[in-house]
Amino acid sequence: MPVRRNPLLALTSLGTMALLVVGCSSPAPDADAGGVAAPESASSNADAAQADTADTDTDAGDAAQGDPVQAETAAALAATAISPAELPVSGGARVTIEGTGLADATVVTFNGVPGTELAVESDERVTVVSPRSPNFQPAAADIQVVTDGASAPVAAPASYTVQTPVDRQMRYALAHWNNYNLAAYGDMNPIGGDCVNFVSQTLIERGWEMTEEWHNRSGGAEWTSAWIHVPTFDRWLRANADTLGITPLSIEQRDQVKVGDIVVFDWNLNDSLDHTQIVSAVEVVDGKQRILMVGHNLDHDFRDFDNTITVEHPNAYAAFWSVP
């Protein structure tokens, strides 16, 4: 694989050919093509939207004053223990909460965000799956058990920590989607687009290692096409799928997509891929799956996948790489 040097740093002249080598751009100008449109800095604020779904404005004291039955419930409800006490920032941990009065639990919130798959096992025990932490960053976890008449914080301390490869990948992605890591990897937007450069960085954080065919060294001064050019990157993934353990998924297999997976796009259906991003959230809203993405060029943290291929780029081709 030939090694190319960033013309901006090495002061070599690639001319118009550089724009053809770096592959986040289409033959026609596009909002996702680096250097064509100013990066979008507005976040979709999916964490805020996620928190809004947890309308748990229940005050045990007010309930107790107004209704003797609720007063008894409020007095009985207590959450005294949690296991595990350290939760992965990407969510997905099955958490056990112990206490009293838990049989009437309707939701458990984590920093205001509802957990999923709540299971009431007894009056002394419930389990729930934890959501992600805000922006996948380490933080204290304020956990509340909510019933129809009261809410109670878990008395034992809990926190979000970085535990897994996807934790590391997503912590990095959400820290750098609008704050480019220029010192380590440079910015490829001036020569065609930074989307693959960014996706590749997140995979390094996940635990992948640079190779002679796929690397970016010296702060973006030395790179290979597989690191920054979408079609070459996708061909490199295919050639190394068994080694990397990755699996291609069609859009019809989107129900298998998870946080940290790779998304690739062909905007104009010319059999040449134009753009790539990382899945930052998979949610179910009103019974329908919603995939959100983080990436560069049109810089975004929670970009809606379906809106991208129906409104922004109607009828675009999209596919996924499932990363173990």
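Residues numbered from 1 in each chain as written. Predicted model: local features only at pLDDT ≥ 70, side-chain atom pairs only at ≥ 80, totals over all residues. Heavy atoms only, no water.

This next bit is on the overall build of the chain. For the chain, the helix and strand inventory stands at 12 helices and 20 strands. Here the chain holds 324 residues, and the buried ones make up 51% of them. When contacts within the chain are restricted to residue pairs at least 6 apart in sequence, long-range pairs at least 24 apart make up 65% of them. Looking at the chain as shown, the accessible area adds up to about 14,300 Å², and 52% of this sits on carbon and sulfur atoms. (Helix = DSSP H or I, 4+ residues; strand = E, 2+ residues; numbered from the N terminus. Buried < 20%, exposed > 50% of the residue type's maximum accessible area, 1.4 Å probe, protein only. Contact = heavy atoms within 4.5 Å. Areas by Shrake-Rupley, 256 points an atom, 1.4 Å probe, with all protein chains shown as cover.)

Our next topic: the side chain of Q277. Residue placement: Q277 occurs in strand β17 (residues 275-285). Of the residues examined, Q277 reaches a relative accessible area of 0% and is grouped as buried. The residues touching Q277, leaving out its near neighbours within four places in the chain, are V199, D261, I262, V263, F265, M293, V294, G295 and R303.

The next thing to look at is the sheet that holds strand β15 (residues 247-249). The antiparallel open sheet is built from six strands, whose spatial order is β15-β20-β16-β17-β18-β19. At either end of the open sheet lies a strand with only one pairing partner, and these are β15 and β19 (300-304). Taking the axes of each pair of neighbouring strands and ignoring which way they run, one obtains an average angle of 35° across the sheet. As defined by bridge partners, strand β18 (residues 288-295) adjoins β19 across three bridges and the pair is classed as antiparallel. The residue of β19 that forms the bridge with M293 is R303. Strands β16 (262-266), β17 and β18 of the sheet are contacted by helix α8 (residues 195-206), whose axis makes an angle of about 65° with β17. Relative to the sheet, helix α12 (residues 305-312) contacts β16, β18, β19 and β20 (317-322), its axis offset from that of β19 by approximately 65°. (Pairing = 2+ DSSP bridges. Axes fitted to C-alpha atoms, helices over the stretch in contact; angles between N-to-C directions.)

What follows concerns the packing of helix α6 (residues 165-176) against α8. At a closest axis distance of 7 Å, the pairing of α6 and α8 adopts a crossing angle of 145°. Crossing angle aside, the handedness with which α6 passes α8 is right-handed. Residues P165, V166, R168, Q169, Y172, A173 and H176 of α6 form the contact with α8, whose own contacting residues are F198, Q201, T202, L203, E205 and R206. Residues of the contact of α6 with α8, tallied by class, amount to six nonpolar, four polar and three charged. (Left-handed = near helix turned anticlockwise from the far one by under 90°. Nonpolar A, V, L, I, M, F, W, Y, C, P; charged D, E, K, R; others polar.)

Let's shift gears to the packing of aromatic side chains. Evaluated as defined, the whole model comprises eight aromatic pairs. Residues F305 and F320 carry aromatic rings whose centres are separated by 5.3 Å and whose planes lie at 45° to one another, so their mutual orientation is tilted. Taken as a pair, F305 in helix α12 and F320 in strand β20 lie far apart in primary sequence, 15 residues in all. (Phe/Tyr/Trp six-rings, centres within 6.5 Å; stacked < 30°, edge-to-face > 60°.)

This part is about the pattern of salt bridges. A side chain of one charge can pair with a side chain of the opposite charge if their charged atoms are brought near each other. Counted under the stated rule, the structure contains 12 salt bridges. Note that E222 is salt-bridged to R217, the shortest N-O span being 3.6 Å. Judged by its relative accessible area of 16%, E222 is buried. A relative accessible area of 28% places R217 in the partly exposed class. (Salt bridge = Lys/Arg side-chain N within 4 Å of Asp/Glu carboxyl O.)

Right, let's get into the sheet that holds strand β9 (residues 139-140). A sheet is described by the order of its strands in space; here three strands give the open sequence β3-β12-β9, paired in mixed fashion. Every other strand in the sheet has two partners, leaving β3 (86-88) and β9 as the edge strands with one partner each. As paired elements, β3 and strand β12 (residues 159-161) share three bridges and run parallel to each other. Looking at the pairing, E86 lines up with S159 of β12.

The next thing to look at is unusual backbone geometry. Of note, the bond from S83 into P84 is cis; its omega dihedral lies within 30 degrees of zero at -5°. Secondary-structure assignment places P84 in the loop between β2 (78-83) and β3. Of note, the phi angle at N135 is positive, near 55°, even though the residue is not glycine. Looking at where N135 falls in the secondary structure, it is placed in the loop between β8 (125-129) and β9. Here the phi dihedral of D286 falls at roughly 55°; this positive angle occurs in a residue that is not glycine. Along the chain, D286 turns up in the loop between β17 and β18.

To continue, consider the nonpolar core. Ranked by size, the top nonpolar core spans 61 residues in total, and within it I97, I143, W214, F233 and I262 carry the most contacts. When residues no more than four places from it in sequence are discounted, the contact partners of F233 are V196, V199, S200, L203, W214, A226, I262 and T276. Judged by nonpolar contacts, the second largest core, of 13 residues, contains L249, F265, F305 and F320. (Core = buried A, V, L, I, M, F, W, Y, C linked by side-chain atoms within 4.5 Å.)

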